[in-house]
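Examining the three-dimensional arrangement
Spelled out, the chains give:
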Amino acid sequence: MLNLFTFSQNKLELFTTRDVDAVLTKIDNSCNIWLRCINFRDRTGTARIIKYFGLNPSRVDMIFNHSPIGIDEDMEDCLFNSYEILTHKIKNREFEVARGSIVVGSNFIITFEITEVKIFSILTNNLQKQNLDIQKWGVDYILYFIFKDILNNYHTVFDYISRKLDDLEDEVLDKLGDDSTYQKIATMRQSTRVGRRNFQSIKSLLVMMDYDDFQWITPPVKALFNQELAHHIDNLWQEYLALRAWMSELMEIQRDNVASETSERINRLTILSSIFLPITFISGFYGMNFKYMPELDQPWAYPAIISIMVLIVISSIVYAKRQRWL
């Protein structure tokens, strides 16, 4: 799906199609545009879009091969960012991640979304309904809103993680969890690394904006980045570190619980072995084939030995329970 959002002081328009030719024909170069390529995996079509905007052909490989996450410092043709956005949806025990690329030029911004990003769709709707004053600004203002919404998304994600950790903490502290509980926490902790990369990417952009040759963001929008997003990132970073520490603590407690339970099982098996050790000794003793064993000729010998064995077992169990070994 290709969504073309065109805006200027006198124009505000949204055009949707699946045809590359149709969207390229619809582009008005005198206006600012936001082109969303959603679930668009046509390499030839992507190459035509890249060529139309005068970008380096290598950008196609970066889009399809999903280059390393973050801002590309080679900014001669555009500002290129590969993103991974953590969502609160869970699939196969892991948080789902929305992946794609953002390309920013002089009067255009293109988002290549491997899967549709909900926050991008909400932003498009708000722009279309004129809930945001965009017509006096450039495409860098949209980039600001994109990053702002990405950061706002993490408040929802972190709140969801906190509620999940509350439930897991109850399992861990009440010793109701098992090996799967540890795995849930470990998987959750591993998934949240995407958030760190998001924050580092935006921090890198804030640093690059101070370069003398940085031309992709205008001073007014740069001020918005520095005044609002920089503080926003710092707060989320602290929250992220706190959640990671919480997960690590729960994993450590759960490991101790599992180790304690394993040790308790071994102790019980050891005690049971100790209880039956005298019985094994008696059985082995009377299993010897000596000719002169007077008890063998006594009619009471067999029930007497059995009674002694039962008495040993019962007394051993009673003693172990009094000592709280069982």
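What you see is a predicted model; the values in this text were computed from it and never measured.

Before going further, it helps to examine the overall build of the protein chain. Regarding its fold elements, the protein chain presents nine helices and seven strands. Its C-alpha atoms give the protein chain a radius of gyration of 34 Å, clearly above 20 Å, the size a compact globule of 326 residues would have. Along the first, second and third principal axes, the C-alpha atoms of the protein chain reach 115 × 40 × 35 Å. Here the protein chain, with 326 residues, has 42% of them falling under the buried criterion. Residue pairs in contact within the protein chain that sit at least 24 positions apart in sequence constitute 64% of those at least 6 positions apart. Working note: accessible area of the protein chain is about 18,200 Å², and carbon and sulfur atoms make up 52% of it. Of the charged side chains in the protein chain, 35 are positive and 41 negative; the average position of the first set lies 5 Å away from that of the second.

So, about the nonpolar core. Formed by 62 residues in total, the largest nonpolar core has its most connected members in Leu143, Leu205 and Phe225. Counting only elements with at least two residues in this core, the list comes to strand E1 (2–8), strand E5 (79–91), strand E6 (94–104), helix H4 (118–128), helix H5 (139–173), helix H6 (179–191), helix H7 (193–208) and helix H8 (219–285). Among the elements that take part in this core, H5 stands out by supplying 18 residues, more than any other. The residues contacting Phe225, other than those within four sequence positions of it, are Asp140, Leu143, Tyr144, Phe147, Leu205, Leu206, Met209, Ile217 and Ala230.

Okay, the pairing of strand E2 (residues 11–17) next. Pairing analysis gives seven bridges linking E1 to E2, with the strands arranged antiparallel. Residue pairing for E2: Ser8 is matched across the bridge by Lys11. The hairpin turn running from E1 into E2, its antiparallel successor, is two residues long.

To continue, consider helix H2 (residues 43–52). Gly45, Thr46, Ile49 and Ile50 are the residues of H2 that are buried. Buried positions in H2, seen along its axis, are confined to an arc of 140° and lie on one side of it. When the buried face of H2 is taken as reference, the exposed residues oriented beyond 90 degrees from it are Thr44 and Lys51. Each element contacted by the buried residues of H2 is listed here: E1, helix H1 (20–26), strand E3 (32–38), helix H3 (58–64) and strand E7 (108–113).

Below, the discussion takes up the side chain of Asn32. Topologically, Asn32 is positioned in strand E3. Of the residues examined, Asn32 reaches a relative accessible area of 17% and is grouped as buried. Engagement of the side chain of Asn32 in a polar contact is seen with the backbone oxygen of Trp137, the distance being 3.4 Å.

The next point concerns the environment of Glu116. Take Glu116: it is sitting in the loop between E7 and H4. For Glu116 and Arg36, which are 80 residues apart along the polypeptide, the C-alpha to C-alpha distance reads 9.3 Å. Excluding anything up to four places from it in sequence, Glu116 contacts Arg36, Ile38, Asn39 and Ser121. A polar contact is formed between the side chain of Glu116 and the side chain of Ser121, at a distance of 2.6 Å.

Our next topic: the pattern of salt bridges. Applying the stated criterion across every chain yields a total of ten salt bridges. The residue Arg48 makes a salt bridge to Asp21 at a minimum N-O spacing of 2.0 Å. Placement of the pair is Arg48 in helix H2 and Asp21 in helix H1, with a sequence separation of 27 residues. You can call Asp21 partly exposed: its relative accessible area is 38%. In this structure, a network of salt bridges that share partners links the residues Glu84, Arg99 and Arg197.

Cut-offs used in this document
Residues numbered from 1 in each chain as written. Predicted model: local features only at pLDDT ≥ 70, side-chain atom pairs only at ≥ 80, totals over all residues. Heavy atoms only, no water. Helix = DSSP H or I, 4+ residues; strand = E, 2+ residues; numbered from the N terminus. Rg over C-alpha atoms; globule rule 2.2 N^0.38 Å. Buried < 20%, exposed > 50% of the residue type's maximum accessible area, 1.4 Å probe, protein only. Contact = heavy atoms within 4.5 Å. Areas by Shrake-Rupley, 256 points an atom, 1.4 Å probe, with all protein chains shown as cover. Lys, Arg positive; Asp, Glu negative; His and termini not counted. Charge placed at Lys NZ, Arg CZ, Asp CG, Glu CD. Core = buried A, V, L, I, M, F, W, Y, C linked by side-chain atoms within 4.5 Å. Pairing = 2+ DSSP bridges. Arc of directions from axis to C-beta. Polar contact = N/O pair within 3.5 Å; in protein donor to acceptor, adjacent residues only side chain to side chain. Salt bridge = Lys/Arg side-chain N within 4 Å of Asp/Glu carboxyl O.

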